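Understanding the architecture of this molecule
Given next are the chains, with one letter for each unit.
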Amino acid sequence: MNERHHRVLAIGECMVEMAPRADGAYTRNFAGDTFNTAWYMRRLLPEAWSVDYCSAVGEDRISDHMLGFMQKAGIGTDSVLRISGRTVGLYMIELDNGERSFSYWRGQSAAKLLARDREVLSAALAGTDIVLFSGITLAILSEEDRRNLLYALAEARRRGTRVAFDPNMRLRLWPNVAVMCAAVAAAAEVADIVLPSFDEDGQYYGETSPLETIARYRNAGASTIVVKNGVGRIHAEGREEGVVTFDPQPVAQVVDTTAAGDSFNAGFLSARLSGASLGDAIGRGAQVAAQVIGKRGALVDIDV
Ligand code: ADP
């Protein structure tokens, strides 16, 4: 098989992260859920695969730096729009006796406009083997642009692109629970692979078992569902494999759980793309996530 033409595309918002250092100064990083997954997938997949990001940034210096950071990491930026008069979103981490809290400045970020043109989206999706988006991707868009995105994804899916979706439910980004759940349900209808976290889906859909979460996404049309659950048992279902469970090895020293789910997704999807079984791919996802939560920050060095 010629592996040259395989392509992964992640769609969403990458932000500037200001993270405190021990001496009180701040370090500037770049991170964001779908971007984190793309970053880890770039590390985990063979060179023959291309990993691209689809988003929007401004035309200012910090937007240039963000694009430079992506390119240096080996991530393609041809599908990142540049929008004049806008800039990138930012969040700041505050440490209070070891507890982390986050403040966001993203109301006017360029990424909110990433789906304003269906044809641009279709062009970005053309020739993509697998595309990943999330509930955060949906949350930052207007209602109309959300429809554009789901339309373009459905069209790409008909042409053979596999669609992966992480519901990543962040209530503060939505007007209320009902609007958030309706958007997640609409997204699930265009997805082949759904990667929820039980602490969110269980809470917002009132589900008491991951098997209920699996059934809901199966009924929406997904063929592979993996329900993450922190250190708890992972429940998954594949159309061919049936139900699979996996108990992650507890991490002795959890340093920072940022990007646990994002890096799990990267390990899982990379393994599936390389032909791994559902159970082996879950194991790979858990192994990557375990490394990530053992270190500080969203993007850390991992053994591949
Ligand atoms: P999210 O970051 O989306 O909330 P989870 O907290 O469910 O996701 O974690 C994603 C994955 O990270 C889990 O499925 C598991 O493999 C791994 N993980 C999370 N917390 C731990 C932990 N304390 N020990 C070991 N693995 C963990």
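Residues numbered from 1 in each chain as written. Predicted model: local features only at pLDDT ≥ 70, side-chain atom pairs only at ≥ 80, totals over all residues. Heavy atoms only, no water.

Points about the overall build of the chain
Within the chain, the secondary structure is distributed over 10 helices and 14 strands. Over its C-alpha trace the chain gives a radius of gyration of 18 Å, about what one expects of a compact globule, namely 19 Å for 304 residues. Considering only C-alpha atoms, the chain reaches an extent of 50 × 50 × 45 Å along its principal axes. Relative to its 304 residues, the chain shows a buried fraction of 53%. The long-range share in the chain, meaning contacts at least 24 apart out of those at least 6 apart in sequence, stands at 67%. Measuring between centres, the 32 positive side-chain charges of the chain sit 2 Å from its 38 negative side-chain charges. (Helix = DSSP H or I, 4+ residues; strand = E, 2+ residues; numbered from the N terminus. Rg over C-alpha atoms; globule rule 2.2 N^0.38 Å. Buried < 20%, exposed > 50% of the residue type's maximum accessible area, 1.4 Å probe, protein only. Contact = heavy atoms within 4.5 Å. Lys, Arg positive; Asp, Glu negative; His and termini not counted. Charge placed at Lys NZ, Arg CZ, Asp CG, Glu CD.)

Focus: helix α2 (residues 61-72)
At 3.6 residues per turn, the α-helix brings residues three or four places apart onto the same side. An ideal rise of 1.5 Å per residue puts 16 Å on 12 residues; α2 measures up with 16 Å between its terminal C-alpha atoms. Tucked into the core, α2 has its buried residues touching β2 (15-20), β3 (26-31), α1 (33-44), β4 (50-57), β5 (75-76) and β6 (80-82). With its phi angle positive at about 90°, Gly 74 sits one or two positions after the end of α2. (Expected span 1.5 Å × (residues − 1).)

Considerations on the UniProt feature "domain: Carbohydrate kinase PfkB" (unreviewed entry) in the chain
In this numbering, the UniProt entry assigns the feature "domain: Carbohydrate kinase PfkB" (unreviewed entry) to residues 7-299. Annotated as 39% helix and 24% strand, the span residues 7-299 places its first and last C-alpha atoms 21 Å apart. (UniProt positions renumbered as here; feature names shortened; annotations may be inferred.)

Comments concerning the nonpolar core
Judged by nonpolar contacts, the single largest core of 55 residues is most densely connected at Met 70, Val 226, Phe 268, Leu 269 and Ile 282. Among the elements that line this core, the one with the most residues is helix α10 (residues 278-293), at 7 residues. The next biggest cluster of nonpolar side chains, apart from the first, holds 44 residues, and it includes Leu 9, Ala 124, Leu 153 and Ala 222. (Core = buried A, V, L, I, M, F, W, Y, C linked by side-chain atoms within 4.5 Å.)

Description of the site of the ligand
Around the ligand lies a shell of 17 residues, among which Ser 197, Gly 230, Val 251, Gly 261 and Ile 293 are the nearest. At 3.0 Å from an oxygen atom of the ligand is found a main-chain nitrogen or oxygen belonging to Gly 261. The fraction of the free accessible surface of the ligand (560 Å²) that becomes covered by protein chains is 85%. Of the residues that constitute the shell around the ligand, the class distribution is 11 nonpolar, 5 polar and 1 charged. (Near = heavy atom within 4 Å. Polar contact = N/O pair within 3.5 Å; in protein donor to acceptor, adjacent residues only side chain to side chain. Areas by Shrake-Rupley, 256 points an atom, 1.4 Å probe, with all protein chains shown as cover. Nonpolar A, V, L, I, M, F, W, Y, C, P; charged D, E, K, R; others polar.)

A look at the pattern of salt bridges
Under the counting rule described, the total for this entry stands at 15 salt bridges. Between Arg 7 and Asp 52 there is a salt bridge, with its nearest N and O atoms 3.1 Å apart. Of the two residues, Arg 7 sits in strand β1 (residues 7-11) while Asp 52 sits in strand β4, which places them 45 residues apart along the sequence. The exposure class of Asp 52 is buried, given its relative accessible area of 11%. Put simply, Arg 106 and Glu 13 hold a salt bridge, and the shortest N to O gap is 2.9 Å. With Arg 106 in the loop between β8 (99-105) and α3 (118-125) and Glu 13 in the loop between β1 and β2, the pair connects residues that are 93 residues apart, well separated along the chain. Like Arg 106, the residue Glu 13 is buried in the burial classification. Each member of the salt-bridge network shares a partner with another, and the members are Asp 201, Glu 207 and Arg 216. (Salt bridge = Lys/Arg side-chain N within 4 Å of Asp/Glu carboxyl O.)

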